Amino acid sequence: MSKRFSIDFIRSFELPSWVRDFVDDIPDQLPGDDIGFMGIAVDLLNRQLDEKAGGPFAALLVDTKSGKLLSVGVNRVVASFDPTSHAEVTAIRLASSLLGRFDHGGSATLYTTAQPCGMCLNALIWAGIGKVVIGATAEDTERITGFDEGIISDDWRFELKRRKIMLVEDVFRDEVCTAFERYVAEGGFVYNGTRA
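Residues numbered from 1 in each chain as written. Predicted model: local features only at pLDDT ≥ 70, side-chain atom pairs only at ≥ 80, totals over all residues. Heavy atoms only, no water.

Peer 1: Give a detailed account of the overall build of the chain, specifying residues and quantitative values.
Peer 2: Scanning the chain from terminus to terminus reveals nine helices and five strands. Here the C-alpha atoms of the chain give a radius of gyration of 16 Å, agreeing with the 16 Å that 2.2 N^0.38 yields for 196 residues. Principal-axis analysis of the C-alpha atoms gives the chain an extent of 45 × 40 × 35 Å. Within the chain, contacts between residues at least 6 apart in sequence are counted, and of these 65% link residues at least 24 apart. (Helix = DSSP H or I, 4+ residues; strand = E, 2+ residues; numbered from the N terminus. Rg over C-alpha atoms; globule rule 2.2 N^0.38 Å. Contact = heavy atoms within 4.5 Å.)

Next up, the structure:
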């Protein structure tokens, strides 16, 4: 007997139901700047912690020119049994699916509460993201939480610049680090892969 899964079933793994309420509560007048959008990402991160819905990471994808919110993402690794369901990847998948395109042509900005891991860094490149705004550093993530951020080359900033991807760092870094500390204090699960 074969199993058939509907798109709605698959998407149900992408985001928990409370995210719809979160998005509905975002004011119609969006902030239009990096500080405002990162503030929304940090609020989403804190809601993720309140709900105990997964790892302490959140992301937004925004149309750079219009300021329109394209999608949001939270970490869904444990809930979806998918080690690639990081907040950034989830936001990119959702926006790409909703817009019907795999390449955003440099027209989208990714707001992420933590520096993208090795996988997410490459995902944003392959998705044609034109700008990335980051909260905490990979070093913060590993030091505070113990999550393994994977292989990130020392010249990752140069590689983004070479690909004409704008980079803004340390936006609400302290607030994200505080959220990481809360995650650890509340016994948050750190799910690094098993190593040989």
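Moving on from the model shown.
Peer 1: A description of helix 7 (residues 138–145) should follow, citing residues and the corresponding values.
Peer 2: Ala-138, Asp-140, Thr-141, Ile-144 and Thr-145 are the residues of helix 7 that are buried. What you see down the axis of helix 7 is that its buried residues fit within an arc of 160°, all on one side. Facing away from the buried surface of helix 7 by more than 90 degrees, the exposed residues are Glu-139 and Arg-143. Here the buried face of helix 7 lies against strand 3 (108–114), strand 4 (131–136) and helix 9 (173–185). At the exit of helix 7 stands Gly-146, carrying a positive phi of roughly 90°. (Buried < 20%, exposed > 50% of the residue type's maximum accessible area, 1.4 Å probe, protein only. Arc of directions from axis to C-beta.)

Peer 1: Got a sec to walk through helix 6 (residues 118–126)? Specific residues and values, please.
Peer 2: Those residues of helix 6 that sit buried are Gly-118, Cys-120, Leu-121, Ala-123, Leu-124 and Ile-125. Packed against the buried residues of helix 6 are helix 5 (87–99), strand 3, strand 4 and helix 8 (156–162). With its phi angle positive at about 70°, Gly-128 sits one or two positions after the end of helix 6.

Peer 1: Any details on the packing of helix 7 against helix 9? Residues and values, ideally.
Peer 2: Packing of helix 7 against helix 9 leaves a shortest axis separation of 9 Å and a crossing angle of 25°. Put simply, helix 7 runs roughly parallel to helix 9. Considering the relative orientation of helix 7 and helix 9, their crossing is right-handed. Here helix 7 contributes Asp-140, Thr-141, Ile-144 and Thr-145 to the contact with helix 9, which in turn contributes Arg-173, Cys-177, Phe-180, Glu-181 and Val-184. (Axes fitted to C-alpha atoms, helices over the stretch in contact; angles between N-to-C directions. Parallel < 35°, antiparallel > 145°, perpendicular 65-115°, else oblique. Left-handed = near helix turned anticlockwise from the far one by under 90°.)

Peer 1: I'd like a description of the packing of aromatic side chains, backed by residues and values.
Peer 2: Within this structure, the stated rule accounts for six aromatic pairs. Ring centres 5.8 Å apart and planes at 50° place the aromatic pair Phe-189 and Tyr-191 in the tilted group. Taking the relative accessible area as the measure of exposure, Tyr-191 reaches 17% and is therefore buried. (Phe/Tyr/Trp six-rings, centres within 6.5 Å; stacked < 30°, edge-to-face > 60°.)

Peer 1: How would you explain the environment of Val-176 if you had to name every residue and give the values?
Peer 2: Its place among the elements puts Val-176 in helix 9. Spatially, the C-alpha atoms of Val-176 and Gly-187 are 17 Å apart, while their sequence positions differ by 11 residues. Those residues in contact with Val-176, other than ones at most four positions away along the chain, are Val-42, Leu-45, Thr-113, Gly-135 and Ala-136.

Peer 1: Run through the state of the cysteines, naming residues and quoting values.
Peer 2: Chemically, a disulfide is nothing more than a covalent bond linking the sulfur atoms of two cysteines. According to the stated counting rule, one finds zero disulfides in the structure shown. Cys-120 supplies the cysteine sulfur nearest to Cys-117, a cysteine that is in no disulfide, at a spacing of 3.7 Å. (Disulfide = S-S within 2.5 Å.)

Peer 1: Mind laying out unusual backbone geometry, listing which residues take part and the relevant values?
Peer 2: Even without being a glycine, Phe-81 presents a positive backbone phi close to 55°. Phi is positive for Asp-170, which is not a glycine, with a value near 65°. Among the secondary structure elements, Asp-170 is positioned in the loop between strand 5 (166–168) and helix 9.

Peer 1: A description of the nonpolar core should follow, citing residues and the corresponding values.
Peer 2: Judged by nonpolar contacts, the single largest core of 55 residues is most densely connected at Leu-44, Leu-60, Leu-124 and Leu-160. Here the element with the most residues in this core is helix 3 (residues 34–51); it accounts for eight residues. Setting aside chain neighbours within four positions, we find Leu-124 in contact with Ile-92, Leu-110, Pro-116, Ile-129, Val-132, Leu-160 and Ile-165. (Core = buried A, V, L, I, M, F, W, Y, C linked by side-chain atoms within 4.5 Å.)

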